[in-house]
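# Structural characterization, general
As a plain string of letters, each chain reads:
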Amino acid sequence: MSTQFREIFGPYKEMSVRYDHNQEALWCYFNPALRPCFSPLMLKESKQIQQAVIRYFEAGKGLDEFPIRYLILASQTPGVFNLGGDLELFIHLIQNCNRRQLLEYATYCIDICYTNTVNLNLPLTTISYVEGSALGGGFESAMSSNYLIAEKHSQMGLPEIRFNLFPGMGAYSFLGRKVGMVKAEEMITTGKIYSGPELHKMGLVDILAESGQGYEAVDCFIRKHRRAANGLQSVHRVRQIFNPVTYEELMDIAKVWVDSALQLKDKDLKTMARFVLAQNRGQMTAQHKPKKVHLVRTRQDRRLNPTDTAFPLVDSHGNEIFYDRRRNFDRRAIDIMQVSN
């Protein structure tokens, strides 16, 4: 096992990584320590994972033994993919007129989203698997992948307009190319939260799975995609040539976001603070709260405490385990009540 392959797995505090040998897929899970949003540490670790995968391909060692054909973004927070930017941090930086750190945060977001959009410039396919709420930057992150697979109960939207701001880390660029400028601006300026079926009808969700069956949908998609992977990956390269999402475009918009954030008034920051409380509850609005969501667990979860499920694992003989070595992957869905008000 190559050193470069080992490096992909951390250690991380707010991300966890699992390799699925049957799928030839690297599962990258958001695993927040506090609020289910993009903390600076989560952004840093997300970028570290991308860079580690790139180094693994560049080294070329171990690719035959542990091929990575798919990189999948998912979450370990029940009912939540990601609730977006670190609003508590934003409030602090805005109140202190700290443009430098706001721009640094935005740059991390753009680096990660752009790299994901262009498949890390590697012969692999990126997938976002959403089984809950993906709001603000969480929605932008989900849209940055080549494919978005979501369960029916999932909810996604861009609520930033409610505190007099706009989503500046890729939303306009991704939406404009998918649904057109008019619809993109409608979604951004109304702050509406959309259901999985609504987004599937628009073409923003590529695969819509029944609630609790998202993992099976991802697995089925990968098996079908493999049959024509070369052609499908070529189509994505052609799309990027024909209508490219450029790093410069994303950064220019992010700079507008930084300038706009610094113009927010006290009343806007008070509204943003209420959204921080909502992030703490793991939900953004009570009226859009699903009654229950499904947490997908692997066989490892049955044997270990939830805090110990991140790979690599160490067995009783001191050997490191980087992926589920069983041939027949098993899972179970557990209904979990969403945190109440």
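In short, a report on the structure. This structure is a prediction, so every number in the text was calculated from the model and none was measured.

## A few points about the sheet that holds strand β9 (residues 193-195)
Pairing between the strands of a sheet comes from backbone hydrogen bonds, and it takes one of two forms, parallel or antiparallel. Taken in spatial order, the four strands of this open sheet run β4-β6-β8-β9, and their pairing is mixed. The two strands at the open ends of the sheet, each matched to only one other strand, are β4 (80-82) and β9. Pairs of neighbouring strands in the sheet enclose a mean axial angle of 20°, with direction left out of account. As defined by bridge partners, strand β8 (residues 155-157) adjoins β9 across three bridges and the pair is classed as antiparallel. Across the sheet, the residue bridging to Gly-157 is Ile-193, located in β9.

## Some details on helix α11 (residues 247-261)
Between its first and last C-alpha, α11 extends 21 Å over 15 residues, near the 21 Å set by a 1.5 Å rise per residue. Here α11 has its buried residues at Leu-250, Met-251, Ala-254, Trp-257, Val-258 and Ala-261. Buried residues of α11, viewed axially, fall in a sector of 110°; they line one side.

## Topic: empty space enclosed by the protein
Taken as a whole and assessed by the stated rule, the structure comprises two cavities of 30 Å³ or more. Of the residues forming the lining of the largest cavity, the biggest block, five residues, is contributed by helix α4 (residues 99-117). Here the lining of the largest cavity is built from residues that sort into 25 nonpolar, 11 polar and two charged.

## Looking at the packing of helix α6 (residues 171-179) against helix α7 (residues 181-190)
At a minimum axis distance of 7 Å, the contact between α6 and α7 shows a crossing angle of 135°. One way to sum up the angle between α6 and α7 is to call them oblique. Here the hand of the crossing between α6 and α7 comes out right-handed. Side by side, α6 and α7 meet where Tyr-172, Leu-175, Gly-176 and Val-179 of the first sit next to Met-181, Lys-183, Ala-184, Glu-185, Met-187 and Ile-188 of the second.

## Topic: helix α3 (residues 87-95)
Helical periodicity: at 3.6 residues per turn, an α-helix aligns residues three or four positions apart in one direction. Here α3 has its buried residues at Leu-87, Phe-90, Ile-91, Leu-93 and Ile-94. Looking at the buried side of α3, the elements it contacts are α4, α11 and α12 (266-280). With its phi angle positive at about 50°, Cys-97 sits one or two positions after the end of α3.

Rules used in this analysis
Residues numbered from 1 in each chain as written. Predicted model: local features only at pLDDT ≥ 70, side-chain atom pairs only at ≥ 80, totals over all residues. Heavy atoms only, no water. Pairing = 2+ DSSP bridges. Helix = DSSP H or I, 4+ residues; strand = E, 2+ residues; numbered from the N terminus. Axes fitted to C-alpha atoms, helices over the stretch in contact; angles between N-to-C directions. Expected span 1.5 Å × (residues − 1). Buried < 20%, exposed > 50% of the residue type's maximum accessible area, 1.4 Å probe, protein only. Arc of directions from axis to C-beta. 1 Å grid on protein atoms, 1.4 Å probe; cavity = no way out; pocket = protein on both sides within 12 Å on 5 of 7 lines; lining within 4 Å. Points joined across faces, edges and corners; volume = space filled by probe spheres on them. Nonpolar A, V, L, I, M, F, W, Y, C, P; charged D, E, K, R; others polar. Parallel < 35°, antiparallel > 145°, perpendicular 65-115°, else oblique. Left-handed = near helix turned anticlockwise from the far one by under 90°. Contact = heavy atoms within 4.5 Å.

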